[in-house]
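A closer look at the structure
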Amino acid sequence: MVKILPRHIAIIMDGNGRWSKNQSKPRHLGHEAGLETLKNTIEAVAKRGIPHLTVFAFGVENWLRPDEEVNYLMGLFLRALNRDIERLHENEIRLRFIGNRAGLQADLIESMEEAERLTEQNHKMTLIVAFNYSGRWDLVQACQSLAEKVAENKLASSDINETLISQHLSTAAFPDPDLFIRTSGEQRLSNFLLWQLSYAELYFPEKYWPEFDEEELEKALDFYATRERRFGQISEQIGGILSSEPRVQASEGTE
Ligand code: IPE
Ligand code: IPE
Ligand code: MG
């Protein structure tokens, strides 16, 4: 039987710190190991023909960590971006960033923009990296741009609906995630894609992110394939069969 696959997976890559502690290693080695897991996961997801993968790499609240760790994460991100972008490009993966770019270092922004430009025409999979991201920030910036349009008489406030809000979020071009994975056993959203995850199936493996491998991904996909997505309806209305095809979905994205 063909397994129903999600069109979009969103992941909170959590547990790097606890993994390193368990191994009596410094925290930064957990983040290095987490980067390797990310690279393997990107390839495993792309190989399965899943068109969108979003990963939470740095949240707005992560600035509250010790300076040393924040600096390390910024450096790691820049290094990884400059070093691994060619490989992503060769694998025909398009890279997009969501999050607040204001407040990031100029060289980082430059590398992010360069990577987006380079990979723009790739069609195998879109990798969306949430960096300096927060779900509440995303909703605030969407409200601000809608309010500006109302102030300029380009839009009536009564025209604002769910579709329009989705179209002003940083994820406007992508469909909502179908499957959400957070590793390390934590079961919270931590200000990730608050609006977009409304109807995602939620999966919480116990493994720390550096231990997440293809076998774990397969388990997550098995979990997803056995969900009956009802979107408010009852089982009989959707044919009583396991289906991932929504009759109603808040955001279809434009891609
Ligand atoms: C997630 O792992 C990575 C980032 C936030 C960048 P953590 O660093 O949160 O790991 P734990 O939660 O401390 O184990
Ligand atoms: C969320 O993880 C952010 C990322 C993985 C980038 P955290 O580990 O920072 O979240 P909390 O603070 O435990 O909720
Ligand atoms: Mg954590």
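Residues numbered from 1 in each chain as written. Chains lettered and ligands numbered in written order. Predicted model: local features only at pLDDT ≥ 70, side-chain atom pairs only at ≥ 80, totals over all residues. Heavy atoms only, no water.

Observations regarding the overall build of the protein chain
Keep this limit in mind: Segments assigned H or I by DSSP are reported as helices when at least four residues long, segments assigned E as strands when at least two residues long, and all are numbered from the N terminus. Throughout, the radius of gyration refers to the C-alpha atoms, and the reference size of a globule is 2.2 Å times the residue count to the power 0.38. Burial status follows relative accessibility: with a 1.4 Å probe on protein chains alone, a residue under 20% of its type maximum counts as buried, one over 50% as exposed, and anything between as partly exposed. Note on contacts: a residue pair is in contact if any heavy atoms of the two residues lie within 4.5 Å. Each accessible area is a Shrake-Rupley result for a 1.4 Å probe, and residues are judged covered by the shown protein chains and nothing else. In this tally Asp and Glu are treated as negative and Lys and Arg as positive; neither His nor the chain ends contributes. Lys charges are placed at NZ, Arg charges at CZ, Asp charges at CG and Glu charges at CD.
Scanning the protein chain for helices and strands turns up seven helices and six strands. Helices and strands in the protein chain line up, N terminus first, as β-α-α-β-α-β-α-β-α-α-β-β-α. For 255 residues, the compact-globule formula gives about 18 Å, and the C-alpha radius of gyration of the protein chain, at 19 Å, lands near that figure. Expressed along its principal axes, the backbone C-alpha trace of the protein chain runs to roughly 55 × 50 × 35 Å. Put simply, the protein chain has 255 residues, and 47% of those count as buried. Contacts in the protein chain between residues at least 24 apart in sequence constitute 74% of all its contacts with a sequence separation of at least 6. For the protein chain, the computed accessible surface area is about 13,200 Å², with 50% contributed by carbon and sulfur atoms. Charged side chains of the protein chain number 29 positive and 40 negative; the gap between the two group centres comes to 3 Å.

Side note on the site of ligand 2
Stated precisely, the cut-off is as follows: Near is defined per residue: the residue qualifies when any heavy atom it owns lies within 4 Å of the molecule or strand. For this analysis, a polar contact is any N or O atom pair within 3.5 Å, provided that within protein one partner can donate a hydrogen and the other can accept it, and provided that sequence-adjacent residues contribute only side-chain to side-chain pairs.
Taken together, I12, M13, D14, F56, A57, F58, N62, R65, R182, R188 and S190 make up all the residues around ligand 2. Here an oxygen atom of ligand 2 sits 3.1 Å away from a polar atom, N or O, in the side chain of R65. At a separation of 2.6 Å, an oxygen atom of ligand 2 approaches a polar side-chain atom of S190. Broken down by element, the residue count for the shell around ligand 2 peaks at three residues, all from strand β2 (residues 52–59).

Some words on the sheet that holds strand β4 (residues 125–133)
Where we set the bar: For two strands to be treated as a pair, DSSP must find at least two bridges joining them. Between the N-to-C directions of two axes lies an angle of 0 to 180 degrees, each axis being a line fitted to C-alpha atoms and, for a helix, fitted only over the stretch in contact.
Pairing in this open sheet of six strands is parallel, and the strands run β3-β4-β2-β1-β5-β6 from one edge to the other. Each end of this open sheet is capped by a strand with a single partner; those strands are β3 (93–98) and β6 (201–203). Ignoring strand direction, the axes of neighbouring strands in this sheet form an average angle of 20 degrees. Across five bridges, the pairing between strand β1 (residues 8–12) and β2 is parallel. Bridged to H8 within β2 is H52. On the sheet, helix α4 (residues 106–119) packs against β3 and β4 and is oriented at approximately 145 degrees with respect to β3.

Notes on the packing of aromatic side chains
Operational definition: Here the aromatic set is Phe, Tyr and Trp, taking the six-membered ring for Trp, and pairing holds for ring centres within 6.5 Å; pairs whose planes are under 30 degrees apart are stacked, those over 60 apart are edge-to-face, and all others are tilted.
Summed over all chains, the structure comprises 13 aromatic pairs. Ring geometry for Y133 against F192: centres 6.3 Å apart, planes inclined by 90 degrees, an arrangement best described as edge-to-face. One end of the pair, Y133, is in strand β4; the other, F192, is in the loop between β5 (179–182) and β6, and 59 residues separate them in sequence. Taken as a pair, Y133 and F192 share a single burial class, namely buried. Ring centres 4.9 Å apart and planes at 35 degrees place the aromatic pair Y203 and F223 in the tilted group. Taken together, the residues span a long stretch of sequence, with Y203 in strand β6 and F223 in helix α7 (residues 214–225) at a distance of 20 residues.

Some details on the site of ligand 1
Applied cut-off: Asp, Glu, Lys and Arg are counted as charged, while Ala, Val, Leu, Ile, Met, Phe, Trp, Tyr, Cys and Pro are counted as nonpolar; the rest, among them Gly, fall into the polar class.
Within the structure, ligand 1 sits among M13, D14, G15, N16, G17, R18, R27, H31, A57, N62 and R65. In this structure, D14 approaches ligand 1 through a side-chain N or O atom, which is 2.9 Å from an oxygen atom. In the environment of ligand 1, an oxygen atom lies 2.7 Å from a nitrogen or oxygen atom belonging to the side chain of R18. Mapped onto the shell around ligand 1, the elements with two or more residues apiece are α1 (16–22) and α2 (27–47). With three residues, the single largest contributor to the shell around ligand 1 is α1. For the shell around ligand 1, the per-class residue count stands at two nonpolar, five polar and four charged.

With respect to the nonpolar core
What counts, and what does not: Nonpolar core, defined: a set of buried Ala, Val, Leu, Ile, Met, Phe, Trp, Tyr and Cys residues in which side-chain atoms within 4.5 Å join the residues together.
Membership of the largest hydrophobic core comes to 45 residues, with the highest contact counts inside it found for I9, L53, L95, L127 and L179. The biggest single contributor to this core is helix α3 (residues 67–90), with 10 residues. Those residues within four positions of L179 in sequence are excluded, and the remaining contacts are P6, H8, I9, A10, E201, Y203, A220, L221, F223 and Y224. Judged by nonpolar contacts, the second largest core, of 14 residues, contains A130, Y133, F180 and A200.

From the geometry alone we can't say anything about function, so treat these as descriptive.
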